[in-house]
Amino acid sequence: ELKSKKHLGIHTEMFTETMVDLIECGAVDNSQKGFMNGYSVCSFTMGSQRLYDFVNNNPTVLFKSSTFSNDPYPIAKNSKFVSVNASLEIDLTGQCASETVGNLQWSGTGGQSETVQGAQMSPGGKSIIAMHSTYTTTDENGKKVLHSKIVPFLDHGAAVTTGRCDADYVVTEYGVAALKGRTLRDRARALIAIAHPDFRGELQE
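Values in this document were obtained by computation on a predicted structure and should not be read as measured data.

Re helix α6 (residues 184–193)
Residues Arg187, Ala188, Ala190, Leu191 and Ile192 constitute the buried set of α6. Buried residues along α6 sit against β6 (89–91), β13 (150–151), β14 (169–172), β15 (175–178) and α7 (197–204).

Set out below in structure tokens:
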């Protein structure tokens, strides 16, 4: 979806295969970052042989430590920095549980909290939490059960990765909720509007 853009830049924890696509099509040239122009900055990469061949001895891909790539202050030196992260569950105040399902550790913390903060410190920057509105489980009868990822309260024991004061934009397949600076009532209304239609009524209740 970003291939039609121009003069994008990369400053990330993980350099991915799709970033190669964006560089090769010309969408990313790192010319207007405002910080470390000319370089795609990252701390590690994982993917196909094509990806490894691309970064091998490539002077435009700069590997730094995670303590640098994820530090909010270097991130904030980038102009119009946009962070894009995912979450497993979000409550109606904007708290994001992005690493646990209840008290079960599901993934690592990663750089989410730092990139969210760095993006909002960046001139013209913004942070985005992008997630599907639902997930499915299978009950004891083998039937698929749909659940909302937007919930009144986080599951018991859930770790809050991004606090509600740092939540900026939340995106699902149903739209965008802009949360920054809004009251709790308005946050709830905005998040309900991007929840799956099957769950909006109970969320409102």
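Moving on from the model shown.
Describing the pairing of β14
Across the two faces of β14 the burial differs, with Val170 and Thr172 buried and Tyr169 and Val171 not buried at all. Relative to β14, strand β10 (residues 126–130) runs parallel, the two sharing 3 bridges. Counted as the bridge partner of Ile129 is Val170 from β14. Note that β14 and β15 share 4 bridges and pair antiparallel. Following the sheet pairing, Val171 is matched in β15 by Val176. Counting the residues in the hairpin turn of β14 and β15 gives 2 residues.

A few points about the sheet that holds β6
The pairing of strands in a sheet happens through backbone hydrogen bonds and is either parallel or antiparallel. On the basis of which strands lie adjacent, the open sheet formed by 3 strands has the order β7-β6-β13 and mixed pairing. Either end of the sheet is taken by a strand with one partner, and the two such strands are β7 (96–97) and β13. Bridging between β6 and β13 involves 2 bridges; their strand directions are parallel. Note that in β13 the partner of Asp91 across the bridge is Val151.

So, how was this worked out
Residues numbered from 1 in each chain as written. Predicted model: local features only at pLDDT ≥ 70, side-chain atom pairs only at ≥ 80, totals over all residues. Heavy atoms only, no water. Buried < 20%, exposed > 50% of the residue type's maximum accessible area, 1.4 Å probe, protein only. Helix = DSSP H or I, 4+ residues; strand = E, 2+ residues; numbered from the N terminus. Contact = heavy atoms within 4.5 Å. Pairing = 2+ DSSP bridges.

Coordinates in, geometry out; function isn't part of it.
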